[in-house]
Amino acid sequence: KMESSSSFVETESVVGAARRFLEGDDIAGEQVWDLSLDRATAQVLVDRCRIADVVAHVAASTKTDRLREICVGIAANLKAHDLVDAVPVVQDLFFDSADPATLGECLRYFCADPPVIDDDDLLKEKLLFIVHNSLDAALVARVFALLLRRPRGKKNDAHPEDGSEDRETVSEDRETVSEDRETV
């Protein structure tokens, strides 16, 4: 009986934090973000608090980068636990934001659910913009982490799944470089 009472108190504090976050309390948002790291607690947030809707509402109504970062961080945790299919506000924030912390969390979300990059020129442009212009090494590292995890797009479907054609191309390129060095 004691465990049940303790569990009830914990669940109620999770729900309370989610309610305060819905009202725009960034400290409560940080608590929800931290709580969403635990899969069981994240499940409570999804089931009892409809946290994906809360995240969408707060992200759409806030004027602060910190609350947007918190929203995307929570969405990334939910996506990593496979508790939500998609949180559309993340993609909107990725394209609209210039805040490195928010962009970093968007990239963490995308790593949990990698988009096809080859066919999406806007996404590719934004990623290249970040790599070329950001002084934030962690943000650039997340771009590369996403690129390494991305699914193959239509342009790459001609390559065999085992990557043998890619290896052949690399070998040919190495031979060309070697020949060029010999001629110089």
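Computed from a predicted model, the values in this text were never measured in an experiment.

Draft legend 1. Looking closely at the overall build of the chain. When you go through the chain residue by residue, the secondary structure sums to 10 helices and 0 strands. Along its sequence from the N terminus, the chain presents helices and strands in the succession α-α-α-α-α-α-α-α-α-α. Each of the 184 residues in the chain was classed as buried or not, and the buried ones make up 36%. Contacts in the chain between residues far apart in sequence, at least 24 positions, make up 65% of those at least 6 positions apart.

Draft legend 2. Region of interest: the environment of Ala60. By secondary structure assignment, the location of Ala60 is in helix α4 (residues 51-61). In sequence terms Ala60 and Asp92 are 32 residues apart; their C-alpha atoms lie 9.7 Å from each other.

Draft legend 3. Spotlight on the side chain of Lys79. Examined against the element boundaries, Lys79 turns out to sit in helix α5 (residues 65-80). For Lys79, a relative accessible area of 8% gives the class buried.

Draft legend 4. How the structure looks around the packing of helix α8 (residues 121-133) against helix α9 (residues 137-149). Packing of α8 against α9 leaves a shortest axis separation of 9 Å and a crossing angle of 140 degrees. Between α8 and α9, the angle falls in the class oblique. Every pair of crossing elements has a handedness; the one defined by α8 and α9 is left-handed. When α8 is examined against α9, the residues Leu127, Ile130 and Val131 are found in contact with a partner set consisting of Leu139, Val140, Val143, Phe144, Leu146 and Leu147. Of the residues belonging to the contact of α8 with α9, the class tally is 9 nonpolar, no polar and no charged.

Draft legend 5. Quick look at the packing of aromatic side chains. If you walk through the whole model with that rule in mind, you get 3 aromatic pairs. Summarising the aromatic geometry, the rings of Phe94 and Phe95 are spaced 5.4 Å apart at their centres and angled 70 degrees between planes, so their arrangement reads as edge-to-face. Judged by relative accessible area, Phe95 falls into the partly exposed class, the value being 28%. Aromatic side chains Phe94 and Phe110 sit 5.2 Å apart centroid to centroid with 80 degrees between the ring planes, which places their arrangement in the edge-to-face category. One end of the pair, Phe94, is in helix α6 (residues 89-96); the other, Phe110, is in helix α7 (residues 100-112), and 16 residues separate them in sequence. Across the ring face of Phe94, the terminal group of Lys126 is positioned such that the distance to the ring centre comes to 5.8 Å.

Reading the values: the criteria
- Residues numbered from 1 in each chain as written.
- Predicted model: local features only at pLDDT ≥ 70, side-chain atom pairs only at ≥ 80, totals over all residues.
- Heavy atoms only, no water.
- Helix = DSSP H or I, 4+ residues; strand = E, 2+ residues; numbered from the N terminus.
- Buried < 20%, exposed > 50% of the residue type's maximum accessible area, 1.4 Å probe, protein only.
- Contact = heavy atoms within 4.5 Å.
- Axes fitted to C-alpha atoms, helices over the stretch in contact; angles between N-to-C directions.
- Parallel < 35°, antiparallel > 145°, perpendicular 65-115°, else oblique.
- Left-handed = near helix turned anticlockwise from the far one by under 90°.
- Nonpolar A, V, L, I, M, F, W, Y, C, P; charged D, E, K, R; others polar.
- Phe/Tyr/Trp six-rings, centres within 6.5 Å; stacked < 30°, edge-to-face > 60°.
- Lys NZ or Arg CZ within 6 Å of the ring centre and 35° of its normal.

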